[in-house]
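A structural walkthrough
What follows is the residue order along each chain.
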Amino acid sequence: MSTELIPLLRQLNLQLEQCGRAQMQPLGLSTSEGLTLCYLLRHSESDLCAAQLHERLGVSKAALSATLKFLCRKGYLETAVFPDDDRKKRILLTPRAQQLRHRVEEQMTGHSIALCRGIPPGELDAAERVLVALLHNLREFNTGRKTI
């Protein structure tokens, strides 16, 4: 087993952050704000709350909270109480966010194309499966219990 995997993954993460920052800067967003907004735009038909976003995006609750507050202050999001559970708040996109949809998706698509350039689709599918397995293994290792 190669001991170079972890340094490579760290380098990949740093490069993703730098590229994401450059892609989102023209929109006045950070990488995490752009990723969050893009996810919400792509899943706008779903009623999502912060806990669901935390699980789906894999970011800490504190980081997600700061991102959501920023997006609310900038006028991209609003929150409303779920009718059946007043402890949870629905995250709603504003018309301002909807106007930004094309630009955010264009930036994210460009980011993905640059990242995957020259890699055959079958290898990308395999890489995604491997990354999902690595993430699963790390979560299991960190929690000390088997996950499904």
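Refer to the structure presented above.
This report concerns the structure included in the present document. Predicted, not measured: the structure shown is a model, and the values here were computed from it. (Residues numbered from 1 in each chain as written. Predicted model: local features only at pLDDT ≥ 70, side-chain atom pairs only at ≥ 80, totals over all residues. Heavy atoms only, no water.)

**Section: the overall build of the chain**
When helices and strands are counted, the chain shows 6 helices and 2 strands. Element order for the chain, N to C, with α for helix and β for strand: α-α-α-α-β-β-α-α. Principal-axis analysis of the C-alpha atoms places the extent of the chain at approximately 50 × 40 × 25 Å. For the chain, the residues scored as buried account for 23% of the 148 residues in total. Sequence-distant contacts in the chain: of pairs separated by 6 or more residues, those separated by 24 or more amount to 55%. Just so you have it, the chain exposes about 10600 Å², and 56% of that area is on carbon and sulfur atoms. (Helix = DSSP H or I, 4+ residues; strand = E, 2+ residues; numbered from the N terminus. Buried < 20%, exposed > 50% of the residue type's maximum accessible area, 1.4 Å probe, protein only. Contact = heavy atoms within 4.5 Å. Areas by Shrake-Rupley, 256 points an atom, 1.4 Å probe, with all protein chains shown as cover.)

**What to know about a nonpolar patch on the surface**
A surface patch of nonpolar side chains, amounting to about 400 Å² of accessible area, comprises L5, L9, L12, L115 and L131. A per-element tally of the nonpolar patch places helix α1 (residues 5–24) first, with 3 residues. Along the chain, the position of L115 falls in helix α5 (residues 95–116). (Patch = residues over 30% accessible without salt bridge, like charges linked within 9 Å, V, L, I, M, F, W, Y side chains within 5 Å. Salt bridge = Lys/Arg side-chain N within 4 Å of Asp/Glu carboxyl O.)

Purely geometric stuff here, so don't read any function into it on its own.
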